[in-house]
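Structural characterization, general
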Amino acid sequence: MLYFSKWKTLGIIAAVLFGFLLALPNGVSSDVREKFPESMQRTVNLGLDLQGGAHMLLEVDLTSVLEQALDNELEAVRSAFRDAERLQTEYLRVENGAVVGRIRKAEDVERAMGILNDLSEAIDPTALGSEKTTRVEKVGERDFKVTITEANIEAIQKRTIEQSIEVLRRRIDPTGTTEMTLAREGDDRILLQVPGAKNVGDIKSRINQTANLSFHMVREESNSERAMQLAAQGKLPPGAVYYLQQDSPSGLIIQKRTQITGECLKNSSEGLHPTGGYPIVNFSFNIKCAKIFGELTSRNLGKRFAVVLDKEIITAPRINGAITGGSGFIEGSFTLDSARELSLLLNAGALPAKLIIVEERTVSAELGNDSINAGKIASILGLIGVAIFMWMSYGLRFGTIANLALTINIMLIAAALSLLGATLTLPGIAGIILTIGMAVDANVLIFERIREEAHNGRPPVNAIETGYRLSLAPILDANITTLIAAVTLYFVGSGPIRGFAVTLAIGIVMSVFTAVVVARLMTATWLRSRRPKKLPI
Amino acid sequence: MKDISLVRFLPKEPKIPFIKGRTIAAILSTLAMIASVYLFATKGLNYGIDFTGGTVIEIDTGADPEPDKIRATLAELGFGGGTVQNIAPPPDSGVDHDYVRVGIPLQPETEETGATAQQDALNAVIAGLKDSIGEFNIRNQDVVGSKVSGELREKGILSIVLALTMVLLYIWFRFEWQFGAGAVAALFHDVILTIGVFSLTQIEFNLSIIAAILTIVGYSLNDTVIVYDRIRENLRKFKKMPLPEVLNLSINDTLSRTILTSMTTLLALTALYFLGGDGLRGFSFAMIWGVLVGTYSSIFVASPLLLILKLKRGGKISGEVPAEV
């Protein structure tokens, strides 16, 4: 038990040295660290609770997305039937999560079903045997029902969440400089973590804006006071919609239909009006939309068009000349900041669904700093206390062995955290402190066993050998059970609790290694050099 | 060089009749458990927002806060059920005034208030307080909605149940079933007493307390398994010795280890309790309590239970035995 081959000894020393090298960058100031080679720059990742920052769990409103998908399907069916000659329906509407309708003439049914089936496309046209987007059913004589397939619902949800993540990334971090996390969590949530965030209110307002941009023609009715009154009451001619104007008590009646949406936008930036000198938002369209916009403006000279953002009219200028270059600017009552904010939002695009903050935890950098300091002081004092206690209990030799093992243990925890890229949280520090207390347990078990065996009359080498051999089973049993608790904690727990589980689990594994392997090597080396007649224990 | 090892003063072969005290211990434990359950049923736990949902903000007004003024503002805003609490700054931060923690209970998420009810409440309170007490720094803000808090609650219970089950399986696999049952009974004992003490003190019960309880489970088990291991070994070694005596001998054999490990763990945890700052106080308190209860239960609950469960000798009991005695 106490004999270590040369290779084994070298292996153990190499492992400890490797741990030392990995842990070292954590122990020096950042100035010194910068002089290290790149492979030695890695330090323990500090959690948001220690460095300050914002953690938010956002829920994606998928129900409205699915409702929208059904509405789109309804529109698609309606326009396909309109394009097909003389195909008329008695009714066509969304009902119980499906598009339902009845064909007027029985002889048209066959043709209608064909059209409906053509509307159902493969979800992923590139994949062979991909499922269809909709399922078409014939109900009775002339009725039909179109539902969105499960697979398509899943695809829509996935796409919505992916798009949301992409839009959020561009909105919150347009320059890509902060180390933020944006990840899908569960079925309908997005986890957003911004380390070191200063202005949480700013982040939140960017999340909440939807930034749906569109251009509409203003209808003639807007000039009639009576029509405006009716519109305000919700009595609108078909195809028209009444939106309020920014910074104005009244609104305008505009055409619901639009061909120019946020997707047309190629780029947008804040700027100053070429003659007025007041802030404006410049925009340029992609080629396709530039053409449409050019035709629209040349056909409607002298008329007004409305720039609508999130169901609010920002501005409604008169068209003085055809805009064919595909670029222009939006005037409104902007400040430089609000113009910059708007162009940022337009560039990022619209969120495909509403996001609700269901959990928010933000910590200021000062509080994080206070926590690190408190944790450091508690760890160091805990460590010193335990070390003194071990020396007092086991005397200089065995006490030193236990304390060296403890120090190596903590160093290896730091090394493992750096290597794995695990995040150290405040509860994680608690886990380390707990490990400091418990790490000596394995050594205590061994030493007590040795003491017992020596007391039973065994010679020193034999007592130590037996002590190590007999304590192995209890050490493993005891630590495996704690490890089970730690692993359960990791998989079921959330957030900072996981940080605690990680340090605890790493601590357990490392403490078994240091007590059973490293401390044993130290004891064996000591035994061989001294060959004591009596154990100082 | 002469070593002064304190372990020399620990008796090498203690003969404390622990097993004789099992009746008193059983009565004591039963009473404590009944008291805990009673407290839990009547007073309940002071759940934190992790489990109830709601909003907590900690602010620094730059001077000692005026809790009454803050309370009045909350009442005015319609958050009468809110809590206001002074928080002492950490010992060496150089800050000479208290911080203040403001808690707002979960706002109903109805159709009318919308799903953003918590965020709206947070904004209203921050704006309202800025009006009444002037500018302040927000040190942290936690907002947990009803859905998330419900999930955290479920996960919390699930993690404790799951951990206990896994542990039971492991011990069952490694020992006789009586050991598994005894260990889990001792764990339940510890968990119930911990919940009891949190009900008594009304210290906030949050996610980190769940972590603490799970660690107590791990620690107490550590202790129990060490004693069990020795029982198993002594059963093989002393084939003729009556079971109560084997149990007593095993507890005494491992006593010095139990004391030393408890001491070092308590030392580290005490440092954490006093110096780890406000965020870890409840957690370290739970752990200190857990170490004390866990040590007690491995001696007075887990081992005597083997007698009641009628542990049979022979069977699966194995393990390494020293060649000579």
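Worth saying up front: this structure is predicted, and the values here are computed from it rather than measured.

Topic: the pattern of salt bridges
In the structure shown here, the tally under the stated rule is 34 salt bridges over all chains. In this structure, A:Arg361 and B:Asp142 form a salt bridge, with 3.7 Å as the shortest nitrogen-oxygen distance. Of this pair, A:Arg361 sits in strand S18 (residues 355-363) while B:Asp142 sits in strand S4 (residues 137-144), placing the two residues on different chains. The burial state of A:Arg361 is the same as that of B:Asp142; both residues are buried. Residue B:Arg139 is joined to B:Glu58 by a salt bridge in which the shortest nitrogen-to-oxygen separation is 3.1 Å. Linking B:Arg139 in strand S4 with B:Glu58 in strand S1 (residues 54-60), this pair joins segments that are 81 residues apart in sequence. There is no split in this pair, since B:Arg139 and B:Glu58 are both buried. A single salt-bridge network, built from bridges that share partners, covers A:Glu59, A:Arg189, B:Lys147 and B:Glu151.

Focus: the packing of aromatic side chains
Summed over all chains, the structure comprises 25 aromatic pairs over all chains. Look at A:Tyr394 and A:Phe447: their rings are 5.1 Å apart centre to centre, the planes differ by 75 degrees, and that puts the pair in the edge-to-face class. Within this pair, whereas A:Tyr394 is found in helix H11 (residues 365-420), its partner A:Phe447 is found in helix H12 (residues 426-455), the two being separated by 53 residues in sequence. The exposure class assigned to A:Tyr394 is buried, which follows from its relative accessible area of 0%. Geometry around B:Phe136 places B:Lys130 over its ring, the cationic atom sitting 5.1 Å from the centre. Note that B:Arg139 overlies the ring of B:Tyr99, its terminal NZ or CZ placed 3.8 Å from the centroid.

Looking at the nonpolar core
Residues B:Ile171 and B:Phe283 are the most contacted members of the largest nonpolar core, which totals 139 residues. Judged by nonpolar contacts, the second largest core, of 46 residues, contains A:Ala54, A:Met113, A:Ile190 and A:Val200.

Focus on the packing of H12(A) against helix H9 (residues 255-275) of chain B
To describe two helices that pack against each other, one gives the angle between their axes and the distance between the axes. Where H12(A) meets H9(B), the axes come as close as 8 Å, and the angle between the chain directions of the two elements is 160 degrees. With respect to H9(B), the axis of H12(A) lies roughly antiparallel. Read as a crossing pair, H12(A) and H9(B) show a hand that is right-handed. Residues A:Ala430, A:Ile433, A:Leu434, A:Gly437, A:Met438, A:Val440, A:Asp441, A:Val444, A:Leu445, A:Glu448 and A:Arg451 of H12(A) form the contact with H9(B), whose own contacting residues are B:Ser256, B:Arg257, B:Leu260, B:Thr261, B:Thr264, B:Thr265, B:Ala268, B:Leu269 and B:Leu272. Partitioned by chemical class, the residues of the contact of H12(A) with H9(B) number eleven nonpolar, five polar and four charged.

Digging into the interface of chain B and chain A
The interface is formed by 83 residues belonging to chain B together with 73 residues belonging to chain A. For the pair chain B and chain A, the summed buried area comes to about 6,700 Å², and 61% of that belongs to carbon and sulfur atoms. Our enumeration of links across chain B and chain A arrives at ten salt bridges. The salt bridge involving B:Glu151 is made with A:Arg189; its shortest N-O contact spans 2.8 Å. Between chain B and chain A we count 21 residue pairs in polar contact (both at pLDDT 80 or more) in total. Listed by contribution, the elements that provide at least two residues to the side of chain B that touches chain A are helix H4 (117-133), S4, helix H5 (146-174), helix H7 (207-237), H9 and helix H10 (281-308) of chain B. Considering every element that reaches the side of chain B that touches chain A, the biggest residue donor is H7(B), with 15 residues. When its residues are assigned to classes, the side of chain B that touches chain A shows 42 nonpolar, 20 polar and 21 charged. Two elements, S18(A) and S4(B), share five bridges in a ladder whose sense is antiparallel.

Some words on the environment of A:Ser222
All names here are of chain A. Within the element layout of this structure, Ser-222 appears in the loop between strand S9 (213-217) and helix H8 (225-232). Exposure remark for Ser-222: the relative accessible area of 10% places this residue in the buried category. Once the C-alpha coordinates of Ser-222 and Tyr-242 are considered, the two residues, 20 residues apart in sequence, prove to be 9.2 Å apart. Setting aside residues up to four positions removed in sequence, Ser-222 forms contacts with Met-228, Leu-252 and Ile-253.

Things to note about the packing of helix H13 (residues 460-492) of chain A against helix H14 (residues 496-530) of chain A
All names here are of chain A. Following both chains from N to C, one finds H13 and H14 inclined at 170 degrees, their axes separated by 8 Å at the closest point. On the basis of their axis angle, the class for H13 and H14 is roughly antiparallel. Of the residues in the contact of H13 with H14, the class split is 25 nonpolar, four polar and two charged.

Quick look at the environment of A:Arg170
All names here are of chain A. As for its position among the elements, Arg-170 is in helix H6 (residues 150-172). Between the C-alpha atom of Arg-170 and that of Ala-69, which follows or precedes it by 101 residues, the distance is 25 Å. Excluding residues within four positions of it along the chain, Arg-170 makes contact with Asn-347 and Ala-348.

Criteria and thresholds
- Residues numbered from 1 in each chain as written.
- Chains lettered and ligands numbered in written order.
- Predicted model: local features only at pLDDT ≥ 70, side-chain atom pairs only at ≥ 80, totals over all residues.
- Heavy atoms only, no water.
- Salt bridge = Lys/Arg side-chain N within 4 Å of Asp/Glu carboxyl O.
- Helix = DSSP H or I, 4+ residues; strand = E, 2+ residues; numbered from the N terminus.
- Buried < 20%, exposed > 50% of the residue type's maximum accessible area, 1.4 Å probe, protein only.
- Phe/Tyr/Trp six-rings, centres within 6.5 Å; stacked < 30°, edge-to-face > 60°.
- Lys NZ or Arg CZ within 6 Å of the ring centre and 35° of its normal.
- Core = buried A, V, L, I, M, F, W, Y, C linked by side-chain atoms within 4.5 Å.
- Axes fitted to C-alpha atoms, helices over the stretch in contact; angles between N-to-C directions.
- Parallel < 35°, antiparallel > 145°, perpendicular 65-115°, else oblique.
- Left-handed = near helix turned anticlockwise from the far one by under 90°.
- Contact = heavy atoms within 4.5 Å.
- Nonpolar A, V, L, I, M, F, W, Y, C, P; charged D, E, K, R; others polar.
- Buried area = accessible area lost by both parts, 1.4 Å probe.
- Polar contact = N/O pair within 3.5 Å; in protein donor to acceptor, adjacent residues only side chain to side chain.
- Pairing = 2+ DSSP bridges.

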